[in-house]
Amino acid sequence: MKKKSVLFLCTGNSARSQMAEALLRSKAADQFEVFSAGTQPEEIDVRAIEAIQKFGVDTSHLASKSVQHFAGQNFDYVITLCDKANTECRSFPGAGKQLAWDFPDPKTRKGNHPFSSTLTELNNRLSMFLLVENKVSATAKIEAPTEELQSTDEGLVDVDPIAFYKCLTDDIRLKTLMLTHYHGELCVCELMQALDEDSQPKVSRNLALLKKANILSDRKHGQWVFYRINPGLALWAKSVIAQTTENNIALILPNLERLDSMKNRPDKASFCR
């Protein structure tokens, strides 16, 4: 069976995208050809290499590359790993499917083990990716982190914990958060298709509640409004959404499959500066 191709994109191609490339190669080299690149490439951070090696994963193949190195090539998946790369490459030419994940930069992240924490989070997200894209039994649990993740919410937007947990009690709102956690960014029509909902006002009302609670943020592009997990959301709240999604993939597999079958999905802007 022909291997599928995956390109991880970040700004510097110095830490997060290198970690993702090494992890996915280690997990599924028999299924995927894996690459990474940066919009503004720089030397790989030695701390990223040390964290990957400590995790027991090979780093000998890693090298920093510019996204222009892959100009004109097609990929089954293009996955951005930071908000800046997502802004610069919202719709990568030749991408069969594009996902926009956003992980804290370990070089500026607080805590005792920022690179190991980021690596563990990437490992969990990639385990979820493999469960979804391989359409295997999604009742399996993501492996627990090997160490306690330490972070701080200093400087992030305020979120009321009562309002936050109330938002998770509604089926539409919970699945919306899980779907945007996986895809990175979705518009109302995509969510209607995924949720099998005919009422746009109903979906829009729930999106408005999530935005009011500072859990979602939006951006307008042409006639479309796209929603994503608020990049400034407190890290404890992001962790709740991530753990809920990664350990309950079976809940949204039918929704992901309906979204995959959607025709004429809105263009998120075709550019890659």
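Our subject is the structure listed above.
A brief report on the enclosed structure follows. Note on numbering: residues in each chain are counted from 1, in written sequence order. Since the coordinates come from a predicted model, pLDDT governs what is reported: local features require at least 70, and pairs of side-chain atoms require 80 or more to be given and counted, while whole-chain, interface and lining totals use all residues. As a rule here, side-chain values come from all non-hydrogen atoms in the structure, and water together with hydrogens is ignored.

Once that is clear, we can look at the overall build of the protein chain. Summing up its helical and strand segments, the protein chain has 10 helices and 7 strands in all. Three labels apply to residues, based on accessible area from a 1.4 Å probe with only protein chains included: buried if under 20% of the type maximum, exposed if over 50%, partly exposed otherwise in between. Expressed as a percentage of its 273 residues, the buried residues of the protein chain come to 52%. For the protein chain, restricting intrachain contacts to residue pairs at least 6 apart in sequence, the fraction spanning at least 24 positions comes to 72%. Calculation of accessible area relied on Shrake-Rupley with a 1.4 Å probe; when residues are assessed, cover is drawn exclusively from the protein chains displayed. A total accessible area of about 12,500 Å² is found for the protein chain, and carbon and sulfur atoms account for 49% of it. Secondary structure counts use DSSP, requiring at least four H or I residues in a row for a helix and at least two E residues in a row for a strand, with both numbered from the N terminus. Whether two residues are in contact is decided by their heavy atoms, any of which lying within 4.5 Å being enough.

Looking now at the nonpolar core. Proteins that are soluble and globular tend to have nonpolar side chains buried together. To form a nonpolar core, buried Ala, Val, Leu, Ile, Met, Phe, Trp, Tyr and Cys residues must be joined to one another through side-chain atoms within 4.5 Å. Judged by nonpolar contacts, the single largest core of 71 residues is most densely connected at Phe8, Leu24, Phe32, Ile79, Leu81, Phe129 and Ile215. Counting residues per element, this core draws most heavily on helix α4 (residues 114-133), which supplies 9 residues. Not counting the four nearest positions on each side in its chain, Phe129 is found in contact with Leu24, Phe32, Tyr77, Ile79, Leu99, Trp101 and Tyr182. Counting 9 residues, the second-largest nonpolar core is a separate cluster that includes Leu9, Ala37, Phe75 and Val78.

Another aspect to go through is the side chain of Gln18. Assignment of secondary structure puts Gln18 in helix α1 (residues 16-28). Engagement of the side chain of Gln18 in a polar contact is seen with the backbone oxygen of Asn13, the distance being 2.9 Å. Setting aside its immediate chain neighbours within four residues, Gln18 contacts Asn13, Ser36, Ile44, Ile52, Leu62, Ala63 and Ser64. Under this definition, polar contacts are N or O atom pairs within 3.5 Å; protein pairs additionally need one hydrogen-donor-capable and one acceptor-capable atom, and for neighbouring residues in sequence, both atoms have to be side-chain atoms.

Okay, the sheet that holds strand β7 (residues 224-229) next. One bridge is not enough; two strands pair if DSSP finds at least two bridges between them. Judged by pairing direction, the sheet is antiparallel, and its 3 strands sit side by side in the order β5-β7-β6 without closing on themselves. Of all strands in the sheet, those with a lone pairing partner are β5 (186-187) and β6 (216-221), marking the two edges. As paired strands, β5 and β7 are joined by 2 bridges and run antiparallel to one another. Note that in β7 the partner of Cys187 across the bridge is Phe226. With axes taken as lines fitted to C-alpha atoms, and helix axes fitted only over the stretch in contact, angles between N-to-C directions fall between 0 and 180 degrees. The strands that helix α6 (residues 171-183) touches are β5, β6 and β7; relative to β7, the one it contacts most, it runs at about 90°.

Before going further, it helps to spend a moment on the side chain of Arg109. Its place among the elements puts Arg109 in the loop between β4 (95-100) and α4. Side-chain polar atoms of Arg109 contact the side chain of Thr118, separated by 3.1 Å. Those residues in contact with Arg109 that lie beyond four places of it in its chain are Pro104, Pro114, Ser117, Thr118 and Glu121.

Each reported salt bridge corresponds to a side-chain nitrogen of Lys or Arg within 4 Å of a carboxyl oxygen of Asp or Glu. Scanning all chains against the criterion turns up 16 salt bridges. A salt bridge links Arg47 to Asp45, with the shortest nitrogen-to-oxygen separation between them at 2.8 Å. Across the pair Glu121 and Arg109 runs a salt bridge, and its minimum N-O distance is 2.7 Å. Taken together, the residues Glu121 in helix α4 and Arg109 in the loop between β4 and α4 connect sequence positions 12 residues apart. Assessed through its relative accessible area of 12%, Arg109 is described here as buried. One salt-bridge network, in which partners are shared between bridges, spans Lys97, Glu133 and Asp260.

This part covers the packing of aromatic side chains. Aromatic rings from Phe, Tyr and Trp, taking only the six-membered ring of Trp, are treated as a pair when their centres fall within 6.5 Å; an angle between ring planes under 30 degrees marks them as stacked, one over 60 as edge-to-face, and anything in between as tilted. Under the defined criterion, the tally for this structure stands at 13 aromatic pairs. Measuring from centroid to centroid gives 5.2 Å for Phe164 and Trp236, while their planes differ by 75°, and the two rings are edge-to-face. Of this pair, Phe164 sits in helix α5 (residues 161-167) while Trp236 is found in helix α9 (residues 235-246), placing the two residues 72 residues apart along the sequence. Here Phe164 falls in the buried class, since its relative accessible area comes to 0%. Site record: aromatic cluster; members linked through ring pairs are Phe32, Tyr77, Trp101, Phe103, Phe129 and Tyr182.

Between α1 and α4, the shortest axis-to-axis distance is 10 Å and the interhelical angle comes to 45°. Between α1 and α4, the angle falls in the class oblique. Along this stretch, α1 crosses α4, giving a crossing that reads as right-handed. Of α4, the residues touching α1 (which contributes Arg16, Met19, Ala20, Leu23, Leu24, Lys27 and Ala28) are Phe115, Thr118, Leu119, Leu122, Asn123, Leu126, Ser127, Phe129 and Leu130. Classification convention: Asp, Glu, Lys, Arg as charged; Ala, Val, Leu, Ile, Met, Phe, Trp, Tyr, Cys, Pro as nonpolar; all other residues, Gly among them, as polar. In terms of residue class, the contact of α1 with α4 is built from 11 nonpolar, 3 polar and 2 charged. Relative orientations are named as follows: roughly parallel for angles under 35 degrees, roughly antiparallel for angles over 145 degrees, roughly perpendicular for angles from 65 to 115 degrees, and oblique for any other angle. Crossings are sorted by hand: turned counterclockwise from the far helix by less than a right angle, the near helix makes the crossing left-handed, and turned clockwise it makes it right-handed.

A few words on the sheet that holds strand β2 (residues 32-38). As summarised here, the arrangement of the 4 strands in space is β2-β1-β3-β4, forming an open sheet in which the pairing is parallel. Of all the strands in the sheet, the pair left with one neighbour each is β2 and β4. For this sheet the average axis-to-axis angle between neighbouring strands, irrespective of direction, equals 20°. With 7 bridges connecting them, strand β1 (residues 4-10) and β2 associate as parallel partners. Looking at the pairing, Cys10 lines up with Gly38 of β2. The sheet strands contacting α1 are β1 and β2, and the helix crosses β2 at an angle near 175°.

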